[in-house]
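Chain residues, written in single-letter form:
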Amino acid sequence: MSNVLVNEKDIVVPGETLAEGMDNLPGEGTYRQGEKILAGRLGLAHIDGRAVKLIPLSGKYNPKRGDTIICKVTDINFSGWRVDTNSAYSAMLSMKDATSDYIQKGADLTQYYSLGEYMVASIVNVTSQKLIDVTMKGPGLHKLKGGRMLEVSPYKVPRIIGKQGSMVSMIKTATNCRIIVGQNGLVWIQGEPDKELLVVRAIKKIEEDSHLSGLTENIKKFLEAESGVKLGE
Amino acid sequence: MVYKKRLDNRGFDEARKIEAKVGVIKKADGSAYFKFGNTWAYAAVYGPRNLFPRFLQDPSKGILRCNYNMMPFSSSEDRVRPGGSRRSKEISRVTAHALLPVLNLDEYPNSVVDVFIELPETEAGSRTAGINAASMALADAGLLMKDLVSSVSVGRVDDKLVVDLDYAEESYPDGPVADIPLAVMPNSGKITLLQMDGLVSKEQLKEVIKMGKKACNQIYEIQKKALKDKYPKHSAGDNNE
């Protein structure tokens, strides 16, 4: 007889028993020990049909293929650029993925991307040894000039973006700033200096209140009060 | 002499007052403090992150580095000389050994998880408090873990077996004393740390382990509560992607 011992959205700690019996399947973040399914990390319980899963609440960014991330050039070598991904591993941006221009052998690569510059890139591949390849070829991938960078928990990124980008476009409308949210938890903001600071405060507020219900409504009120812009539906 | 009553009036199987909190250091990836009476341990976890020097990297899994440090003003006696010592090196090592069995670092090849345990105030039982804090901080950092680790020291004072010795008991003058710190994975009951300073009989040691496991289960409940309290009234939210 199957027996799930936790409720949906319960917070569980590593080693906590989630379900007993063989009728359920251990999903992401869980493991089976004999007849039991146990939690393999700190997270929110999520029951998906027969599978019991855990939604992570905290942790570093884990690079995945297809993610759009914001990264920073840390080194330049013969074949391309090494970029920091805000995770435990750095990524490689090869010359052919960086630009469609013809680059002469031995050319100065800093004219494309120089040390310390930020860019929006997409992850092409991640190997088992966590070697990462990124590309600049794709819609919306470009170098970031000016603005400011903000670091948030990668697990709060979906909250900051909102349903179909509703949250971030609301902030954009209220502050008239350009905002790019990378899946790796880096957020780039560009606009009027005081508006940039307002965006920072709004995003910090989303991060703190992300677990409370009525988040969109609260942030809307906050932005209307702070920016004086009336936000429609 | 017979040890009839504990020096601070606790029950023989009663630990000192325990306090625990998670998420106390903002900049760390995971953090927690754990207090046994006047022994305070703060733990901060950083990582998984890039590991240098490169020869330390392990391509098959991530590694765990622990650092145990008593602050200069932490002792009730002389000032502790700052920096590492023979003692702190040993404790760092046994702490890493106590925590490794629950950690799954296979997903993080060539990287490192750093655990820094700082003790601003100590009065016996510091390594066990450090392990408790570190295990909570590791869970808070979102690492893959099979279980938590709970730790307590059990010992013998004269003819009695007692849980969580304080400094006065550790230096009890009127009889033999043994101090046995142990760490347990509460869900499987497996022991990850067992050290001994002093003399006990085989039967006493068996009893010590039994008492330690019981105390660790109580500590586990406190650790669990502290971790869950970091996320108050976690409701579904209205915008799940």
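Residues numbered from 1 in each chain as written. Chains lettered and ligands numbered in written order. Predicted model: local features only at pLDDT ≥ 70, side-chain atom pairs only at ≥ 80, totals over all residues. Heavy atoms only, no water.

1. Observations regarding the domain arrangement of chain A
One frequently used descriptor of interface size is the decrease in accessible area upon assembly of the parts.
Item 1. In terms of domains, chain A is made up of domain 1 (3-56), domain 2 (68-144) and domain 3 (148-227).
Item 2. In this structure, domain 1 of chain A and domain 2 of chain A have C-alpha centres spaced 38 Å apart. (Domains from an automatic or database assignment.)

2. Focus: the packing of aromatic side chains
Item 1. Across all of its chains, the model carries 7 aromatic pairs over all chains by this definition.
Item 2. On the numbers, 5.3 Å between centres and 85° between planes, the contact of A:Trp81 with A:Tyr113 is edge-to-face. Taken together, the residues span a long stretch of sequence, with A:Trp81 in strand 10 (residues 80-84) and A:Tyr113 in the loop between helix 1 (95-98) and strand 12 (118-126) at a distance of 32 residues. In this structure, A:Trp81 and A:Tyr113 share a single accessibility class: buried.
Item 3. A centroid spacing of 5.8 Å and a plane angle of 70° characterise the contact between B:Tyr46 and B:Phe116, whose relative ring orientation is edge-to-face. Of the two residues, B:Tyr46 sits in strand 3 (residues 39-50) while B:Phe116 sits in strand 5 (residues 111-121), which places them 70 residues apart along the sequence.
Item 4. Positioned over the ring face of B:Tyr33 is B:Lys35, at 4.5 Å from the centre of the ring.
Item 5. A cation over a ring is seen here: B:Lys35 above B:Trp40, with NZ or CZ 3.7 Å from the ring centre. (Phe/Tyr/Trp six-rings, centres within 6.5 Å; stacked < 30°, edge-to-face > 60°. Helix = DSSP H or I, 4+ residues; strand = E, 2+ residues; numbered from the N terminus. Buried < 20%, exposed > 50% of the residue type's maximum accessible area, 1.4 Å probe, protein only. Lys NZ or Arg CZ within 6 Å of the ring centre and 35° of its normal.)

3. Re the sheet that holds strand 8 (residues 51-56) of chain A
Residues and elements named next belong to chain A.
Item 1. Taken together, the 4 strands give an open sheet; going across it, the order is 2-7-8-4, and neighbouring strands pair in mixed fashion. Looking at which strands have only one partner, the edges of the open sheet turn out to be strand 2 (11-12) and strand 4 (25-26).
Item 2. Note: strand 2 against strand 7 (residues 43-48), 2 bridges, orientation antiparallel. What sits directly across from Val-12, in strand 7, is Gly-43. (Pairing = 2+ DSSP bridges.)

4. A few points about the packing of helix 4 (residues 193-209) of chain A against helix 5 (residues 215-227) of chain A
Residue and element names in this part refer to chain A.
Item 1. Relative orientation of the contacting elements helix 4 and helix 5 amounts to 155°, with a least axis distance of 11 Å. The orientation of helix 4 with respect to helix 5, classified from their angle, is roughly antiparallel. The element helix 4 and its partner helix 5 pack so that their crossing is right-handed. Between helix 4 and helix 5, the residues in contact are Lys-195, Leu-198, Arg-201, Ala-202, Lys-205, Ile-206 and Asp-209 and Leu-215, Ile-219, Phe-222, Leu-223, Glu-226 and Ser-227, respectively.
Item 2. Of the residues that constitute the contact of helix 4 with helix 5, the class distribution is 7 nonpolar, 1 polar and 5 charged. (Axes fitted to C-alpha atoms, helices over the stretch in contact; angles between N-to-C directions. Parallel < 35°, antiparallel > 145°, perpendicular 65-115°, else oblique. Left-handed = near helix turned anticlockwise from the far one by under 90°. Contact = heavy atoms within 4.5 Å. Nonpolar A, V, L, I, M, F, W, Y, C, P; charged D, E, K, R; others polar.)

5. Focus: the side chain of A:Lys130
Item 1. Mapping A:Lys130 onto the fold places it in the loop between strand 12 and strand 13 (132-135).
Item 2. At 3.2 Å, the side chain of A:Lys130 and the side chain of A:Asn62 are in polar contact.
Item 3. The contact partners of A:Lys130, leaving out residues within four places of it in the chain, are A:Asn62, A:Tyr89, B:Glu107 and B:Pro109. (Polar contact = N/O pair within 3.5 Å; in protein donor to acceptor, adjacent residues only side chain to side chain.)

6. Focus on unusual backbone geometry
Backbone geometry follows two general trends: most residues other than glycine have a negative phi, and most peptide bonds adopt the trans configuration.
Residue and element names in this part refer to chain B.
Item 1. Omega for the peptide link from Gly-47 to Pro-48 comes to 5°, which places this bond in the cis form.
Item 2. Along the chain, Pro-48 falls in strand 3.
Item 3. Residue Pro-53 follows Phe-52 across a cis peptide bond; omega there is 5°.
Item 4. Phi is positive for Asn-110, close to 65°, though the residue is something other than glycine.
Item 5. By secondary structure assignment, the location of Asn-110 is in the loop between helix 1 (86-99) and strand 5.
Item 6. A positive phi is found at Asp-158, a non-glycine position, where the angle reads about 55°.
Item 7. Position of Asp-158 among the secondary structure elements: in the loop between strand 6 (150-157) and strand 7 (160-163).
Item 8. On the basis of relative accessible area, Asp-158 is assigned to the buried category, the value being 9%.

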